[in-house]
Amino acid sequence: MMNVKTLKIVDNKMKSKLRISGSEAVVRCLIAEGVNTIYGYPGGAIMPVYDELFKFQNEIQHVLTRHEQGATHAAQGYARASGKVGVAIATSGPGATNLITGIADAQIDSTPMICITGQVGSHLLGTDAFQETDIIGISTPVTKWNHQITKASEIPEVMAKAFYIARTGRPGPIVIDITKDAQFEMFDFSYEKCTGIRSYIPVPETKPNTLKTAAKLINAAKKPLIIWGQGVILSEAESELKAVIEKTGIPSAWTIMGASAIATSHPLNMGMVGMHGNYAPNVLTNECDVLIAIGMRFDDRVTGKLETYAKQAKVIHFEIDPAEVDKNVKTEVAILGDAKNSLQALLPLLNKNEHGKWLKKFKDLYTIEYEKVINNDLFPTKEGITMGEVIKEINKQSKGQAAIVSDVGQHQMIACRYAEFNVTKSNITSGGLGTMGFALPAAIGAKMAVPEREVVAIIGDGGYQMTIQELGTIFQTKVPVKIVVLNNDFLGMVRQWQQLFFDKRYASTEIENPDFIAIAKGYSINARKVTKRKDIASAVEEMMTSKAAYFLEVSVEKEDNVFPMIPTGASVSEIRLS
């Protein structure tokens with residue numbers, strides 16, 4: 001609980017000034033912004049801030065990760081599960097550079113995150129001092145904003161701006177680099193939250209005429225298709241999207257980052273688009289007459305060959321970031337603004353409608369996909385265990401209420417395809433950057449953000465070993481995450497490509513794995529390994545009912561492939577079922 005002294009500084013603007021150090025100011029700024037959990041790793045250049053974190057440990061929980069990259073992914077998981085700004089902290093030099101992968105991941109996936117780094121004294125800048133690295137220069141391409149602080153007096157304003165920029169408009173990561181002398185320097189501290197910055201317009205104005213034009217196109221469409229992305233979740237527009245879909249009767253699909261905005265079981269939810277998405281929404285993208293894109297950026301994994309993508313369709317693009325409009329796909333109508341507000345304004349302009357014949361085409365193609373792919377994934381007749389049947393059992397045990405945190409690879413595609421998402425913010429994965437090693441630390445952050453929810457990490461044996469040291473974070477914090485490693489003794493997705501496109505030359509993709517069970521038990525984590533289908537249900541039940549962290553390893557078929565699949569350079573209508 002915050003004490004009276006602390007509460008005084010949480011006001012929007014402090015009534016009186018305090019004479020404090022820069023390092024104490026950093027911590028007080030975090031408290032003023034409502035931060036109660038941060039992830040990091042100490043070192044010399046950031047030690048003054050850590051000393052203040054020790055003093056304020058009743059107000060802010062610092063989680064010691066085992067690697068700075070783990071701190072960024074944990075902060076990402078925290079942000080994605082909660083909708084709040086995640087915070088990571090590290091020292092200068094290698095500590096700061098170890099944050100970069102997570103920062104880049106957050107940038108491309110629009111995750112609000114503040115990364116605070118220590119820096120050598122200002123008088124040493126540019127001298128190649130011990131553990132000096134130009135983190136501002138390094139991070140510039142992968143941040144929404146960054147700033148180096150050399151004077152303590154700069155800290156309140158910079159911190160306030162950082163939080164404002166991170167969470168407004170299209171969210172993103174911020175780096176604040178603070179020299180060590182600025183951390184020690186004393187100054188008169190006061191704090192005022194940022195509510196606006198000149199020349200920074202986080203949400204562009206929505207023009208009424210674009211809404212009217214869009215409504216006219218949607219009302220006249222015979223074969224419309226909605227594709228939504230993470231923008232719906234970031235703007236908390238789930239109910240507005242559902243209302244639009246249900247009023248218009250338009251079949252709708254989602255990008256990997258948009259999963260869970262609408263329940264998987266919704267009758268107008270046609271599944272995932274993209275390289276390993278569902279057959280119907282991919283094929284029929286190239287048959288629809290109006291394509292309504294909401295909060296998605298037309299990534300290459302979604303579009304396939306751009307020259308053939310939805311050329312027959314009039315494209316309506318709802319987007320908060322003007323830079324994304326017409327970047328990849330030419331639009332007929334661009335509706336700039338926040339998705340929630342835009343959809344609210346659009347809804348009264350739409351006619352009540354049904355698209356029975358068009359919807360039947362989706363159902364017919366789903367039947368084909370089910371017979372050729374889905375049935376084999378979920379109800380296999382062969383001896384080996386499939387990844388899909390493990391996800392199916394997790395669905396059964398969790399009733400689609402769990403937050404699924406997936407790593408990158410075959411298991412990620414299987415998890416996104418087959419997990420039941422009945423609650424928003426339930427699909428937490430590395431989308432744009434595709435960072436192996438993301439899931440384990442991200443699951444830690446997600447569980448800390450929403451302790452009332454079950455959080456299950458789905459990981460491959462390759463990605464798991466990239467951040468396996470974060471089991472130490474679980475050991476120390478006792479955070480009750482559930483970890484499932486689907487082990488095929490391969491870098492599965494790379495192996496699949498080698499099989500299909502490189503004549504089965506499995507170059508450096510077969511892995512000789514350690515005893516994962518022994519490693520988990522070494523960290524005092526309950527663990528079990530499954531090699532037989534008959535044991536899946538009891539093992540998943542044991543995991544899901546555990547009150548503590550749990551590790552489940554499942555030995556799956558070594559050379560199973562993920563289908564459907566759009567080969568690189570192919571059109572979405574050239575999607576393969578085998």
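Everything numeric here is computed off the predicted structure, so don't read it as measured data.

A. Quick look at the pattern of salt bridges. Tallied over the entire structure, the rule returns 23 salt bridges. Ionic pairing is found between Lys382 and Asp560, a salt bridge with its closest N-O pair at 2.6 Å. Linking Lys382 in the loop between helix H16 (356-378) and helix H17 (387-398) with Asp560 in the segment after strand E20 (550-555), this pair joins segments that are 178 residues apart in sequence. Beyond isolated ion pairs, a larger network of salt bridges with shared partners links Arg170, Asp321, Glu324 and Lys327.

B. The packing of aromatic side chains, seen in detail. Throughout the structure, instances matching the rule amount to 13 aromatic pairs. Arranged with centres 5.5 Å apart and planes meeting at 75 degrees, the rings of Phe490 and Tyr506 form a pair that is edge-to-face. Taken together, the residues Phe490 in the loop between strand E18 (482-487) and helix H22 (492-501) and Tyr506 in the loop between H22 and helix H23 (516-522) connect sequence positions 16 residues apart. What makes Tyr506 partly exposed here is its relative accessible area of 25%. In textbook terms, an aromatic cluster arises when at least three aromatic residues are bridged by ring pairs, as seen for Phe187, Phe189 and Tyr191. Lying over the aromatic face of Phe490, Arg495 brings its terminal NZ or CZ to 5.7 Å of the ring centre.

C. Representation of helix H24 (residues 536-545) within the structure. For H24, the set of buried residues is Ile536, Ala539, Val540, Met543 and Met544. Taken around the axis of H24, the buried residues stretch over an arc of 130 degrees, which confines them to a single face. Of the surrounding secondary structure, the elements contacted by the buried residues of H24 are H17, strand E17 (455-460), E18, strand E19 (526-530) and E20.

D. Examining unusual backbone geometry more closely. The residue after Phe563, namely Pro564, is reached through a cis peptide bond having omega 0 degrees. Tracing the chain through its elements places Pro564 in the segment after E20. Backbone geometry places Lys425, a non-glycine residue, at a positive phi of 60 degrees. Within the secondary structure, Lys425 is located in the loop between helix H18 (410-418) and strand E16 (427-429). Although it is not a glycine, Lys504 sits at a positive phi angle of roughly 60 degrees. Relative to the elements of secondary structure, Lys504 occurs in the loop between H22 and H23.

E. Layout of the state of the cysteines. Applying the stated rule across the entire model yields zero disulfides. Free of any disulfide, Cys29 has its nearest cysteine sulfur in Cys194, 12 Å distant.

F. Just the nonpolar core, in detail. Membership of the largest hydrophobic core comes to 98 residues, with the highest contact counts inside it found for Leu291, Ile294 and Ile316. The element best represented in this core is H16, accounting for seven residues. Shared between two domains, this core takes at least three residues from each, and those domains are domain 2 (208-362) and domain 3 (380-555). Beyond its immediate stretch of four places on either side in the chain, Leu291 contacts Leu225, Ile227, Phe298, Tyr309, Ala310, Ala313, Lys314, Val315 and Ile316. With 52 residues, the next largest nonpolar core counts Ala90, Ala403, Val405 and Ala520 among its residues.

G. Representation of the domain arrangement of the chain in the model. By the assigned domains, the chain splits into domain 1 (9-193), domain 2 (208-362) and domain 3 (380-555). Taking only C-alpha atoms into account, the centre of domain 1 sits 31 Å from that of domain 3. On the domain 3 side, the residues contacting the 24 residues of domain 1 number 26 residues. Of the roughly 1,900 Å² buried where domain 1 meets domain 3, counting both sides, 63% is carbon and sulfur surface.

H. Just the sheet that holds strand E6 (residues 145-149), in detail. Spatially, the six strands line up as an open sheet ordered E3-E2-E4-E5-E7-E6, and their pairing is parallel. What marks the edges here is a single partner per strand, and that holds for strand E3 (61-64) and E6. Strand-to-strand, the axes of this sheet are offset by a mean angle of 20 degrees, without reference to chain direction. With four bridges connecting them, strand E2 (residues 37-40) and E3 associate as parallel partners. From the neighbouring strand, Tyr39 faces E3, where its bridge partner is Val63. Along the sheet face, helix H3 (residues 47-55) touches E2, E3 and strand E4 (86-90) and points at about 125 degrees away from the line of E4.

I. Representation of the packing of helix H4 (residues 68-82) against helix H19 (residues 439-449) within the structure. For the pair H4 and H19, the least separation of the axes is 6 Å and the interaxial angle reads 40 degrees. On the basis of their axis angle, the class for H4 and H19 is oblique. Considering how the two elements wind past one another, H4 and H19 form a crossing that is right-handed. On H19, the residues touching Gly70, His73, Ala74, Gly77, Tyr78, Ala81 and Ser82 of H4 are Pro441, Ala442, Gly445, Ala446, Met448 and Ala449. Considered class by class, the residues forming the contact of H4 with H19 number eight nonpolar, five polar and no charged.

The rules behind each value
- Residues numbered from 1 in each chain as written.
- Predicted model: local features only at pLDDT ≥ 70, side-chain atom pairs only at ≥ 80, totals over all residues.
- Heavy atoms only, no water.
- Salt bridge = Lys/Arg side-chain N within 4 Å of Asp/Glu carboxyl O.
- Helix = DSSP H or I, 4+ residues; strand = E, 2+ residues; numbered from the N terminus.
- Phe/Tyr/Trp six-rings, centres within 6.5 Å; stacked < 30°, edge-to-face > 60°.
- Buried < 20%, exposed > 50% of the residue type's maximum accessible area, 1.4 Å probe, protein only.
- Lys NZ or Arg CZ within 6 Å of the ring centre and 35° of its normal.
- Arc of directions from axis to C-beta.
- Contact = heavy atoms within 4.5 Å.
- Disulfide = S-S within 2.5 Å.
- Core = buried A, V, L, I, M, F, W, Y, C linked by side-chain atoms within 4.5 Å.
- Domains from an automatic or database assignment.
- Buried area = accessible area lost by both parts, 1.4 Å probe.
- Pairing = 2+ DSSP bridges.
- Axes fitted to C-alpha atoms, helices over the stretch in contact; angles between N-to-C directions.
- Parallel < 35°, antiparallel > 145°, perpendicular 65-115°, else oblique.
- Left-handed = near helix turned anticlockwise from the far one by under 90°.
- Nonpolar A, V, L, I, M, F, W, Y, C, P; charged D, E, K, R; others polar.

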